[in-house]
Amino acid sequence: MSAYGYDAVVIGGGVSGIMASLTLASGGFKTALVSRGDPVCCLSTGCIDVFSHSDEPLSGIRALLPDHPYSLVGEKGIKDALSFFLEIMAEAGLPYEGDPGRNRKILTPIGSTKNTCLVPRTMAHADMPPGEYLHVISFQGIKDFFPSYITSRQRNSTYSVYDAGVPTTLGIAARFDDASFLDAFITWLRGLEIPHDRVALPAVLGTIDPASVMEKISRAIGRKVFEIPTLPPSVPGLRLFRALKRVLQSRGVHLYWGKGVTSVECQGRTVEAVTLATTGRAKRVQGKAFVLATGSFVSGGLFAGRDSVRETVFDLPVAVPGERKDWFNTDFFSGAHGIERAGVRVDGSFRPVETDLDNLFACGSILAECEIMSLQCGHGLAVATGVAAAKSCAQGLS
Ligand SMILES: Cc1cc2nc3c(=O)[nH]c(=O)nc-3n(C[C@H](O)[C@H](O)[C@H](O)COP(=O)(O)OP(=O)(O)OC[C@H]3O[C@@H](n4cnc5c(N)ncnc54)[C@H](O)[C@@H]3O)c2cc1C
């Protein structure tokens, strides 16, 4: 078995684990990130929901119970973590905009609007003032994007359809990376002589530098342009993940990607190493401290059996609300489901409680009491707790 040593080993490559790794690497700690696969953020809109339940995220968060992970981070910690995220995204060449004090609205593929907080620059013009006119561009054969739904719900809107030669969002986005395709599209768009104030497209404006593609289109037609996120596979979700991964590499975080942790070694109150499943020789990754960021049920950080929920790497105690009959509401759309509160409880330093491991921290959607779906706080909570857990870990290391 080959062995490697680090100051900190982060387990789980979602938004929380990546932000934890970047925080530790920025503090000068030799950091490894181990991930079994790509994270949930690849399925997301790419927008950072901080607390979409209310128009002012920070006011909403102030009203949460003291054991909610956001309450453990505190308002200043949340603001600092989101600023760090904005800085990272600017460095990655995928700039984001927004203010944690105020949510903005983005348009969905069925013409409704959704509250969110930080958005990629390509969605910055989605929050339209009332009375403005909108022209939607759709693509021949595209799935899960419904321009007629949008025009029926948005007053003062019309749409046109372009044939990109491929019907999938990922295929169209790859076409927009090609300058000659972009020029041909712009020529067609100018020919429409759109009188409307703004032009919206599904989120397909390239996989590499969508903000530049959007600005080029916007300059050519003299209109504000914005993207509408589509259903998974989601181009903005993939862009977010790939951009974060680029920064991890440029900041020297050592990646073990596509490798799950299969066992852990502890000595007394200390985690000493994890073993990774590989196709060849097993790898032993040693660390002075560990951050658990393996996500919730979707990514396999938690596993629900008939009557109990298990944490899958360290077998940590998992807080579960009531009995199985209390886990779900019979009406799926009726609001909070008890199971959303299941997870690993941590103290103010993001150390799991009811365990005697001193050098283990946890962050992200694996934490108890998150209620990510009902509060709509997925990536925001991952950013805030990822940074907070890493800061506590860094304190322990120094
Ligand atoms: C379909 C969908 C759409 C969403 N859309 C949005 C949105 O638009 N905006 C928003 O803010 N939030 C959204 N969310 C919520 C948000 O994506 C998540 O809450 C957040 O990204 C969770 O991040 P995380 O780091 O906690 O975990 P995850 O993203 O789940 O990452 C966990 C990682 O750990 C790895 N892992 C698991 N077990 C092991 C192991 N044994 N060894 C090594 N690695 C392991 C996994 O492979 C994975 O990469 C959405 C969620 C879903 C399901």
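Because the structure is predicted, anything quoted here is derived from the model rather than measured.

S.K.: So what's going on with the overall build of the protein chain? Which residues, and what values?
M.R.: Looking only at helices and strands, the protein chain has 11 helices and 17 strands in total. Scaling as 2.2 N^0.38, a compact globule of 398 residues should have a C-alpha radius of gyration of about 21 Å, and the protein chain matches this with 22 Å. Counting only C-alpha atoms, the protein chain reaches 70 × 45 × 40 Å along its principal axes. Out of the 398 residues in the protein chain, the part that is buried amounts to 47%.

S.K.: Give me the lowdown on helix α7 (residues 179-191), citing residues and values where you can.
M.R.: If you check α7, its first and last C-alpha atoms are 18 Å apart, about what 13 residues at 1.5 Å a residue would give, namely 18 Å. Positive backbone phi, approximately 45 degrees, marks E193, located one or two places after α7.

S.K.: An account of the domain arrangement of the protein chain is needed here, citing residue identities and associated values.
M.R.: Structurally, the protein chain comprises domain 1 (2-95 + 238-397) and domain 2 (109-228). One C-alpha centre belongs to domain 1, the other to domain 2; they are set 33 Å apart. Each side of the interface is counted separately: domain 1 has 15 residues, and domain 2 has 12 residues. Counted by class, the side of domain 1 that touches domain 2 contains 8 nonpolar, 4 polar and 3 charged residues.

S.K.: An account of the sheet that holds strand β8 (residues 157-162) is needed here, citing residue identities and associated values.
M.R.: Taken together, 4 strands build an open sheet; the order of strands is β8-β7-β9-β10 and the sheet is parallel. At either end of the open sheet lies a strand with only one pairing partner, and these are β8 and β10 (224-228). For this sheet, the mean angle separating the axes of adjacent strands, direction not counted, is 25 degrees. Two elements, strand β7 (residues 134-139) and β8, share 6 bridges in a ladder whose sense is parallel. Counted as the bridge partner of I137 is S160 from β8.

S.K.: So what's going on with the nonpolar core? Residues and values would help.
M.R.: Counting 118 residues, the largest nonpolar core has I11 and V291 as the members making the most contacts within it. Of all the elements, helix α11 (residues 378-397) adds the most residues to this core, at 10 residues. In terms of domain composition, this core takes at least three residues from each of domain 1 (2-95 + 238-397) and domain 2 (109-228). Setting aside anything within four residues of it in sequence, one finds I11 in contact with V34, V261, V274, F290, V291, L292, A293, T294 and V313.

S.K.: Explain the pairing of strand β12 (residues 261-267) residue by residue, including any values.
M.R.: Bridge count between β12 and strand β13 (residues 270-276): 6 bridges; the pairing is antiparallel. Residue pairing across strands places E265 opposite A273, the latter belonging to β13. Between the end of β12 and the start of β13, which pair antiparallel, lie 2 residues, with G268 showing a positive phi angle near 60 degrees.

S.K.: Report on helix α9 (residues 235-250), specifying residues and quantitative values.
M.R.: The end-to-end C-alpha separation of α9 is 22 Å, in line with the 22 Å expected for 16 residues at 1.5 Å each. Burial within α9 is extensive, with 12 of its 16 residues counted as buried. Listed as buried for α9 are V235, P236, G237, L238, R239, L240, F241, A243, L244, K245, V247 and L248. Residue G252 follows α9 closely and has a positive phi angle near 80 degrees.

S.K.: Which residues make up unusual backbone geometry, and what values go with them?
M.R.: Trans is the common state for peptide bonds, and a negative phi is the common state for residues other than glycine. Going from P232 to P233, the amide bond is cis rather than trans, its omega being 0 degrees. One non-glycine residue, D315, adopts positive backbone phi at about 55 degrees. Mapping D315 onto the fold places it in the loop between β16 (309-311) and β17 (360-362). For D315, a count of 10 C-beta atoms within 10 Å translates into the label exposed. A positive phi angle, near 50 degrees, is found at E371, a position not held by glycine.

S.K.: I'd like a rundown of the packing of helix α1 (residues 15-26) against α9, residues and numbers included.
M.R.: Direction vectors running N to C along α1 and α9 enclose 25 degrees, while the axes themselves pass 10 Å from each other. With respect to their mutual orientation, α1 and α9 come out roughly parallel. Judged by the twist between their axes, the crossing of α1 over α9 is left-handed. Side by side, α1 and α9 meet where I18, S21 and L22 of the first sit next to L244, V247 and L248 of the second. Here the residues of the contact of α1 with α9 are counted per class, giving 5 nonpolar, 1 polar and no charged.

Analysis parameters
Residues numbered from 1 in each chain as written. Predicted model: local features only at pLDDT ≥ 70, side-chain atom pairs only at ≥ 80, totals over all residues. Helix = DSSP H or I, 4+ residues; strand = E, 2+ residues; numbered from the N terminus. Rg over C-alpha atoms; globule rule 2.2 N^0.38 Å. Buried ≥ 20, exposed ≤ 12 C-beta atoms within 10 Å, placed from the backbone. Expected span 1.5 Å × (residues − 1). Domains from an automatic or database assignment. Contact = placed C-beta atoms within 7 Å. Nonpolar A, V, L, I, M, F, W, Y, C, P; charged D, E, K, R; others polar. Pairing = 2+ DSSP bridges. Axes fitted to C-alpha atoms, helices over the stretch in contact; angles between N-to-C directions. Core = buried A, V, L, I, M, F, W, Y, C linked by C-beta atoms within 7 Å. Parallel < 35°, antiparallel > 145°, perpendicular 65-115°, else oblique. Left-handed = near helix turned anticlockwise from the far one by under 90°.

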